[in-house]
Amino acid sequence: MKGGGDDAASSAAASASGPPPSLEWRFSQVFGERTAGEEVHEVDIISAIEFDKSGDHLATGDRGGRVVLFERTDTKDNVGSRRDAEQMDYSVRHPEFRYKTEFQSHEPEFDYLKSLEIEEKINKIRWCQPANGALFLLSTNDKTIKYWKVQEKKIKKISEMNIDPSKDPGSSSPLPIIANGVHADKPQDYLSKDFPFPPGGIPSLRLPLVTSLETSLVARCRRVYAHAHDYHINSISNSSDGETFISADDLRVNLWNLEVSNQSFNIVDVKPTNMEDLTEVITSAEFHPIHCNMLAYSSSKGSIRLIDMRQSALCDSHTKLFEEPEAPGSRSFFTEIIASISDIKFSKNGRYILSRDYMTLKLWDINMDSGPVASYQVHEHLRPRLCDLYENDSIFDKFECCLSGDGSRVATGSYSNLFRVFGASQGSTEAATLEASKNPMRRQIQAPARSSRSMTSVARRGSESPGSDANGNAHDFTTKLLHMAWHPTENSIACAAANSLYMYYG
Amino acid sequence: MAMVDEPLYPIAVLIDELKNDDIQLRLNSIRRLSTIARALGEERTRKELIPFLSENSDDDDEVLLAMAGELGVFIPFVGGVEHAHVLLPPLESLCTVEETCVREKAVDSLCKIGSEMRESDLVDSFVPLVKRLAAGEWFAARVSACGLFHVAYQGCTDVLKTELRSIYNQLCQDDMPMVRRAAATNLGKFATTLESSYLNAEIMTMFDDLTKDEQDSVRLLAVEGCAALGKLLEPQDCVARVLPVIVNFSQDKSWRVRYMVANQLYELCEAVGPDCTKTDLVPAYVRLLQDNEAEVRIAAAGKVTKFCQLLNPELSIQHILPCVKDLSSDSSQHVRSALASVIMGMAPILGKDSTIEHLLPIFLSLLKDEFPDVRLNIISKLDQVNQVIGIDRLSQSLLPAIVELAEDRHWRVRLAIIEYVPLLASQLGIGFFDDKLGALCMQWLQDKVYSIREAGANNLKRLAEEFGSEWAMQHLVPQVLEMVNNPHYLHRMMALRAISLMAPVMGSEITCSKFLPVVVEASKDIVPNIKFNVAKLMQSLIPIVDQSVVDKTIRQCLVDLSEDPDVDVRYFANQALQSINGAAVA
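Computed from a prediction, not measured in an experiment: that's the story for all the values here.

Here we look at helix H35 (residues 547-561) of chain B
Thinking step 1. Helix length check: H35 of chain B, at 15 residues, gives a terminal C-alpha distance of 20 Å against a target of 21 Å (1.5 Å per residue), a fit within 8%.
Thinking step 2. Taken together, the buried positions of H35 of chain B are Val 549, Val 550, Ile 554, Cys 557, Leu 558 and Leu 561 of chain B.

Remarks on the pattern of salt bridges
Thinking step 1. Under the counting rule described, the total for this entry stands at 55 salt bridges over all chains.
Thinking step 2. Of the charged contacts in the structure, one is a salt bridge between Arg 220 of chain A and Asp 60 of chain B, with a shortest N-O distance of 3.2 Å. On the criterion of chain membership, the pair formed by Arg 220 of chain A in strand E11 (residues 209-225) and Asp 60 of chain B in the loop between helix H4 (42-54) and helix H5 (61-71) is interchain, its members lying in two chains.
Thinking step 3. By relative accessible area, which is 31% here, Arg 220 of chain A ends up partly exposed.

A short note on unusual backbone geometry
Residue and element names in this part refer to chain A.
Thinking step 1. Positive phi values are uncommon outside glycine, yet Ser 115 reaches one of about 50°.
Thinking step 2. Residue position: Ser 115 is located in the loop between strand E6 (109-111) and strand E7 (116-118).
Thinking step 3. By relative accessible area, which is 53% here, Ser 115 ends up exposed.
Thinking step 4. The backbone of Asn 132 shows a phi angle near 50°, a positive value even though the residue is not glycine.

A short note on the packing of aromatic side chains
Thinking step 1. Here the structure, examined in full by the defined rule, presents 35 aromatic pairs over all chains.
Thinking step 2. Taken together, a centroid distance of 5.2 Å and an interplanar angle of 90° make the contact between Phe 333 of chain A and Tyr 390 of chain A edge-to-face. Of the two residues, Phe 333 of chain A sits in the loop between strand E19 (320-322) and helix H4 (335-339) while Tyr 390 of chain A sits in helix H5 (residues 386-391), which places them 57 residues apart along the sequence.
Thinking step 3. Summarising the aromatic geometry, the rings of Tyr 153 of chain B and Phe 190 of chain B are spaced 5.5 Å apart at their centres and angled 90° between planes, so their arrangement reads as edge-to-face. Placement of Tyr 153 of chain B in helix H10 (residues 149-153) and of Phe 190 of chain B in helix H12 (residues 177-193) is noted, with a sequence separation of 37 residues between them. Both residues of the pair, Tyr 153 of chain B and Phe 190 of chain B, count as buried.
Thinking step 4. Among the aromatic residues, those joined into a ring-pair cluster are Phe 27, Phe 419, Tyr 502 and Tyr 504 of chain A.

Remarks on the interface of chain A and chain B
Thinking step 1. Listed as interface residues are 63 residues of chain A and, on the opposing side, 62 residues of chain B.
Thinking step 2. At the boundary of chain A with chain B, total buried surface from both sides reaches about 5700 Å², with 52% on carbon and sulfur atoms.
Thinking step 3. There are 8 salt bridges connecting chain A and chain B.
Thinking step 4. The partner of Arg 223 of chain A in a salt bridge is Glu 99 of chain B, with the nearest N and O atoms 2.7 Å apart.
Thinking step 5. Between chain A and chain B we count 20 residue pairs in polar contact (both at pLDDT 80 or more) in total.
Thinking step 6. Sorting the residues of the side of chain A that touches chain B by element identifies strand E10 (145-159), helix H3 (188-191) and E11 of chain A as the ones contributing at least two each.
Thinking step 7. By residue class, the composition of the side of chain A that touches chain B is 28 nonpolar, 17 polar and 18 charged.

A look at the sheet that holds strand E15 (residues 260-269) of chain A
Residues and elements named next belong to chain A.
Thinking step 1. Read from one edge of the open sheet, 4 strands run E12-E13-E14-E15, paired in antiparallel fashion. Looking at strand neighbours, the two that pair on one side only are strand E12 (235-238) and E15, the edges of this open sheet. Here the average twist between neighbouring strands, direction ignored, is 25°.
Thinking step 2. By the bridge criterion, 4 bridges tie E12 to strand E13 (residues 244-248) in an arrangement that is antiparallel. Each residue of the ladder has a partner; that of Ser 237, found in E13, is Ile 246.

What to know about the side chain of Arg 142 of chain B
Residues and elements named next belong to chain B.
Thinking step 1. Relative to the elements of secondary structure, Arg 142 occurs in helix H9 (residues 139-146).
Thinking step 2. Judged by its relative accessible area of 12%, Arg 142 falls in the buried class.
Thinking step 3. Engagement of the side chain of Arg 142 in a polar contact is seen with the backbone oxygen of Glu 137, the distance being 3.2 Å.

The rules behind these values
- Residues numbered from 1 in each chain as written.
- Chains lettered and ligands numbered in written order.
- Predicted model: local features only at pLDDT ≥ 70, side-chain atom pairs only at ≥ 80, totals over all residues.
- Heavy atoms only, no water.
- Helix = DSSP H or I, 4+ residues; strand = E, 2+ residues; numbered from the N terminus.
- Expected span 1.5 Å × (residues − 1).
- Buried < 20%, exposed > 50% of the residue type's maximum accessible area, 1.4 Å probe, protein only.
- Salt bridge = Lys/Arg side-chain N within 4 Å of Asp/Glu carboxyl O.
- Phe/Tyr/Trp six-rings, centres within 6.5 Å; stacked < 30°, edge-to-face > 60°.
- Contact = heavy atoms within 4.5 Å.
- Buried area = accessible area lost by both parts, 1.4 Å probe.
- Polar contact = N/O pair within 3.5 Å; in protein donor to acceptor, adjacent residues only side chain to side chain.
- Nonpolar A, V, L, I, M, F, W, Y, C, P; charged D, E, K, R; others polar.
- Pairing = 2+ DSSP bridges.
- Axes fitted to C-alpha atoms, helices over the stretch in contact; angles between N-to-C directions.

In structure tokens form, the structure reads like this:
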């Protein structure tokens, strides 16, 4: 990307024009809405959401191994004047999507060597560069990454054959083929290189006539990148160079070339020689959006490591380490568990990294490794209940996080199908709690005013207990909103509540 | 539905199968496209077949790849060069598919066709095609365009040439790194067709942009451009414009770029000439040899000998040798292995005295390396040192190294050393070999791994070829014959295998007097596997021995075997008997 990326650099740090006004979130669409009393099938639960770079397409993956694609409808008719239309009529227009197609990306498998079942659940989806009107994406389950091409294909009908197939019943190929592909029949004279055909050719021969009537969307698996991970893949991420991507599991990060599926390079390996010494695992990894040599990965100990692939082939030593020093005296049994980072995302301009741990969202400036520039309380109200959460394993839930395209807002999910949106611009006090339902503002509680923050002092806000009622126990830990994505160019959020995909705009 | 005359049936089927549902049949038809074209005649090929193929670009990649290849040699089938332009449309659409190998093949074919086209056609149809691709909406088309400029440029008018250069410049600054990579890759090729005035002005500007690209993957391709452009430029321009770039690249932040410099070093040295190599590239190379990244050191170590060939021995000893010494104890085994594979070649460059003084200690330490590949690499190049200082100085260390490799627990290592035994034998001489290595050769015949036993048997044959049958009679044959009585049937079988390999080398007389009696004896073995191997062996002996021996001994033995209770033994015995009869008839 040349020159791009500066557009949003200002938003998080600049303060000249003050923070943008808080957004009012409205319901836009829902796909796969549950009717009252309808049971959710495990396979239908959404496990991955991703917008493509242009924001014209959205993909979701589910536990049944399916990938569903949606396409934007509100820009199709007047693509040329989209920007003008938005400026004129900003509040009316918002991204609307429609179902495009779906395909079965992964099937359940069994690893006979390790006696392990491999679930078909889609862990991550990443869009690749489109080409020739076809869409490309990577999808992965625990072990295997696949490269998909989705394309309109003409349905062909063939007429005008030389040989009437109806008069030659039994086989589509009337001549036996021998191993080297040459017809093993007598008249090979005609097929030999030296046979003298008449100079004008043989007029009675004709080419098959192909007529195509309609088109249909076809998804084809172009490549399968398998057998490179001993542990479960938690992330995949494309490089800005357009030819490579990484895949990360608990202990390793591998680098692939999109065109080469039979080899990958191990670039990070945190596996200790003795597995008993294992104290930390990789939880998430992402390429820098602009610099192809930089990537970041997060760990279960709450640290983020920035790696420069220029420095060496094996990047076991990081270039920068981002972690928050532990507050003295606050250590408890849960400290390490809740410090574990479940997701990291680079901002579009590559300047910031957003991380989500169990209790908070943190925004890091990659030029400042002393601490986060901002941190937002998401689950502070759950602190007294960590014991319960540990008992029922909820404490290990992996919530994703996302940034708006301009970097001015951040969002993440919570329990009871709630998600929270915070303003990330300097001076912004925006903090909204929304519910993934047709009435997102139902649970909204006004955030109290908070102290302003500077780049060095960390602001803590949103520490009120959102969503829970006065008794503090309204949280439904079974309905959790883990997966969400922010539209790359507009204030629009897609989030998954079980099997339903909700979209909101602000 | 048309009906076709009976004799045309196969060709008709071939044509129909262009659209068969089975990809193998479609592939088969596409690969015989020239036959189809000849059957249709030139005119209908132009008017029907080619347009038909143009519509076909959404087929499977394998079919498209075959099609792209076929079309490259299709000019004769469309009626010669004056009609060559009809081939462009199908190839143009193949240039836009997203599968790289198809695109590359299509570009290849277009270049082939373009270089044969008449100049007027080139301007009328080829250049517009390049322009269309370069302006393509999707990156795939623009990537393909980069590979066509060098063909399009020749024979253009000045106006068009200016336009092409400016389009190429745009491609060098494309938004997509894939396109910039393609532009970097093809820059050297394009530059060769350019007038030298533009070379200095325009191409070098594009080159400068690419060398400063923010994407590592683009910059590292520009390294190859250094070599290509350096050769085209006048020496002083090269020194002024390319040399600084090379020196910068050798200190690039990205190890992949430095790796490319190390890898391309020889070509880069050639481009800048011997003087600059000595003054500027020696320090750069020394830095690469001491690089932090092992991958870079591996590439650099592998170029030591070639680089030193360009220098005089003094410079090599003064600057390069100290690094080589360090590399011989590098922490990475792959670096040591890369060094070991080339370092013997330095002996002839440095001459006898310097080799003994400086290189010999390094050879010896590498021969004791803990990593077998390092030792193997040294041993495999022994002949180069032998010519300079003789083998004696090394043989003391050589023997333990060889023995250790011969007994390595990894069979692939054992296999590798067996391959070098004939070379070792010829370098070390018969005397040394008899003393030390003869026993090893027999030991391999009884290895636990089949591949080693097989290689061991083959080794005996190669030794017999090397030292002659008389020597083999003394040193190899007795041991082999003794093995036929080994209690283990696999070892007996290996003895037979060795016999079958050695017999052609040893000649008829020895075969009849020494081998045949043993083989006949073996035909009475209790293990059927031995017996049918005897049958096979006998069959292989037939052409070596006299007809009388065949009639007297072999036939009888085979007849006995052909009545064996075991079905396999009977089968192979009968096969051998048949070949006797066949030989008799002939």
